[in-house]
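For reference, the chains in residue letters:
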Amino acid sequence: MMKKKILSLALALALCLGLAVPAFAAETMTETINGITITANSDGTLSFTGSGAFTGEVMEYGLYFLDQVTDRLNRINTVSINIGSGITTDEQLIAEMKEWIYSFGAKSVNINSSTVTIQTVGGFTDVKEGDYFADPVMWAVDKKITAGTSETTFSPNQNCTVAQILTFLWRANGSHTYMGYKNPFSDVKSSDYYYNAAMWAAKQGIVTGSTFGGDRPCTRSMAVTYMWKADVSKSFDFEDKDNGYLGYLVGYFYLGDDGRDTVVPNVVIPDHVTGIGPIALYYCKGVTSVTIPTSVTTIGWDAFDGFNDLTDVYYEGSEAQWKSINIDPSNHALSKATIHYNSKKQPVNTGFTDVPGSADYAQAVKWAVDKGVTSGTSATTFSPDSVCTRG
């Protein structure tokens, strides 16, 4: 009994606090508890054989063994759980065990048992109740943001491309059409399924440059950057100049939950903006600093009208570059403020050891975690280069 209590305590500490319990070198761990033999293999297979009731104690042993022989599922994406026909199962415990395994970092958990009925979600045989992605899958399908890869499968572990992720975002943001607009991308055709998504991404400044790269694998850092830019762009209003996407900013509307103007002390102009139009920033109140990218070449009349509290302008280029900008003389607030040339973005502390504070995607990672959009792959890592999957 004392051994069992110690094991339960060790498991609780290891799972809840993420403590590094010394790993066994063995490829397999096994023990028989109340007639049920529990076997965990380093390939991510966890088996329960024999006869008896599947209890919390049996589950704890299984999770502990799995954690030890796989080094917390290091390099293992799929866990297979085999439950013998002589075992009386508890579906609530099975669901709880799956949740623990997902918290280890598993992308999928397969239950093989004749005594456990696994409820599928949305008619997809590969999406089960209890899967961490089950609710998001149903939401996305219901909102027509995506669909199954067949009538009965969703393929949650299938990698996503840039085109797919941006198409999901485009659909989530209204599915606007852009036929007839100037296409800035040399690798996007009007016949491509993601054409409108690509045009939307260009218009919002989510993707810049002359190539789109839709077939590239979309990494976690890329995905959160796209989502962050899409969220930020909702506050900006861009005008299509000459039937193209020149990033001409005509309005910035930062509204609170009650729809009223909100004090915005620091305004950061998106990197793709080339011009700031007349009274474009009129709705900004209480601004004390503004960051302007080197892409800006013109600032229209009274663009900064009412910026009585503006004290600092952070410009990412040199003094010579600043002086080359066509700034309308009516922007008195700019002439009174201190211009900080060659200003670099301030480092962002995300708390992840694999996300440098100076990384282009650091702010996006912090935004995504703060908003609950995603979380780290561990307490200290984000895995920015890992490819996103449909689930």
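Notes on the structure in this doc start here. Note that this is a predicted model, so its numbers are computed, not measured.

Considering the overall build of the protein chain
Part 1 of the argument: Each helix and strand in the protein chain was counted, giving 10 helices and 18 strands.
Part 2 of the argument: By residue count, 42% of the 391 residues in the protein chain fall in the buried class.
Part 3 of the argument: Long-range pairs, those at least 24 residues apart, make up 61% of the contacts in the protein chain between residues at least 6 apart in sequence.
Part 4 of the argument: Carbon and sulfur atoms form 50% of the exposed surface of the protein chain, whose accessible area is close to 19900 Å².

So, the pairing of strand 5 (residues 78-83)
Part 1 of the argument: In strand 5, alternate side chains face the same way, and those of Val79, Ile81 and Ile83 are buried while those of Thr78, Ser80 and Asn82 on the opposite face are not.
Part 2 of the argument: Of the pairings in the sheet, the one linking strand 3 (residues 45-50) to strand 5 comprises four bridges and is parallel in character. Bridge pairing in strand 5 places Phe48 opposite Ile83.
Part 3 of the argument: The pairing of strand 5 with strand 7 (residues 108-113) spans six bridges and is parallel. Following the sheet pairing, Asn82 is matched in strand 7 by Asn112.

Quick notes on the pattern of salt bridges
Proximity of charged atoms lets side chains of opposite charge pair with each other.
Part 1 of the argument: Under the counting rule described, the total for this entry stands at four salt bridges.
Part 2 of the argument: The shortest N-O distance in the salt bridge between Lys98 and Asp131 comes to 3.4 Å. With a gap of 33 residues between them, Lys98 in helix 3 (residues 91-104) and Asp131 in the loop between strand 9 (124-128) and helix 4 (134-142) connect regions that are remote in the sequence.
Part 3 of the argument: Exposure remark for Asp131: the relative accessible area of 7% places this residue in the buried category.

Considerations on the nonpolar core
Part 1 of the argument: Of all hydrophobic cores here, the largest spans 38 residues; its most connected members are Ile38, Phe48, Phe54, Ile81, Met97 and Ile101.
Part 2 of the argument: Looking at which element gives the most residues to this core, the answer is helix 2 (residues 56-70), with eight residues.
Part 3 of the argument: Leave out the neighbours within four places in its chain, and Phe54 touches Ile36, Phe48, Met59, Ile87, Thr88, Thr89, Asp90, Leu93, Ile94 and Met97.
Part 4 of the argument: Core analysis: the next-biggest nonpolar cluster, separate from the first, contains 30 residues, Cys160, Trp200, Val207 and Ala223 among them.

A word on the packing of helix 5 (residues 162-172) against helix 7 (residues 220-233)
Part 1 of the argument: Viewed as axis vectors pointing N to C, helix 5 and helix 7 meet at an angle of 30 degrees, and their least axial separation amounts to 11 Å. For the element pair helix 5 / helix 7, the angle class is roughly parallel. Helix 5 and helix 7 meet at a crossing whose hand is right-handed. Two secondary-structure elements touch here, helix 5 through Val162, Ile165, Leu166 and Leu169 and helix 7 through Met222, Tyr226 and Met227.
Part 2 of the argument: Looking at the contact of helix 5 with helix 7 residue by residue, the classes come out as seven nonpolar, no polar and no charged.

Quick word on the sheet that holds strand 2 (residues 36-41)
Part 1 of the argument: If you walk across this open sheet you meet the five strands as 1-2-3-5-7, and the pairing is mixed. Of all strands in the sheet, those with a lone pairing partner are strand 1 (28-33) and strand 7, marking the two edges. Taking the axes of each pair of neighbouring strands and ignoring which way they run, one obtains an average angle of 10 degrees across the sheet.
Part 2 of the argument: Across five bridges, strand 2 lies against strand 3 in antiparallel orientation. Along strand 3, the bridge assignment pairs Ile36 with Gly50.

Remarks on helix 5
Part 1 of the argument: Of all 11 residues in helix 5, eight are buried, a share of seventy percent or more.
Part 2 of the argument: The complete set of buried residues in helix 5 reads Val162, Ala163, Ile165, Leu166, Thr167, Phe168, Leu169 and Trp170.
Part 3 of the argument: As for helix 5, its buried residues are in contact with helix 6 (195-203) and helix 7.
Part 4 of the argument: At the exit of helix 5 stands Gly174, carrying a positive phi of roughly 110 degrees.

Considerations on the packing of helix 5 against helix 6
Part 1 of the argument: Close contact between helix 5 and helix 6 brings their axes to 9 Å; oriented N to C, the two are set at 80 degrees. With respect to their mutual orientation, helix 5 and helix 6 come out roughly perpendicular. Of helix 6, the residues touching helix 5 (which contributes Leu166, Thr167, Leu169 and Trp170) are Asn196, Ala197, Trp200 and Ala201.
Part 2 of the argument: Split by residue class, the contact of helix 5 with helix 6 holds six nonpolar, two polar and no charged.

Digging into the environment of Gln204
Part 1 of the argument: Mapping Gln204 onto the fold places it in the loop between helix 6 and helix 7.
Part 2 of the argument: Owing to a relative accessible area of 14%, Gln204 belongs among the buried residues under this scheme.
Part 3 of the argument: Note: C-alpha distance between Gln204 and Pro270 (66 residues apart in sequence) is 9.4 Å.

What counts, and where the lines are drawn
- Residues numbered from 1 in each chain as written.
- Predicted model: local features only at pLDDT ≥ 70, side-chain atom pairs only at ≥ 80, totals over all residues.
- Heavy atoms only, no water.
- Helix = DSSP H or I, 4+ residues; strand = E, 2+ residues; numbered from the N terminus.
- Buried < 20%, exposed > 50% of the residue type's maximum accessible area, 1.4 Å probe, protein only.
- Contact = heavy atoms within 4.5 Å.
- Areas by Shrake-Rupley, 256 points an atom, 1.4 Å probe, with all protein chains shown as cover.
- Pairing = 2+ DSSP bridges.
- Salt bridge = Lys/Arg side-chain N within 4 Å of Asp/Glu carboxyl O.
- Core = buried A, V, L, I, M, F, W, Y, C linked by side-chain atoms within 4.5 Å.
- Axes fitted to C-alpha atoms, helices over the stretch in contact; angles between N-to-C directions.
- Parallel < 35°, antiparallel > 145°, perpendicular 65-115°, else oblique.
- Left-handed = near helix turned anticlockwise from the far one by under 90°.
- Nonpolar A, V, L, I, M, F, W, Y, C, P; charged D, E, K, R; others polar.

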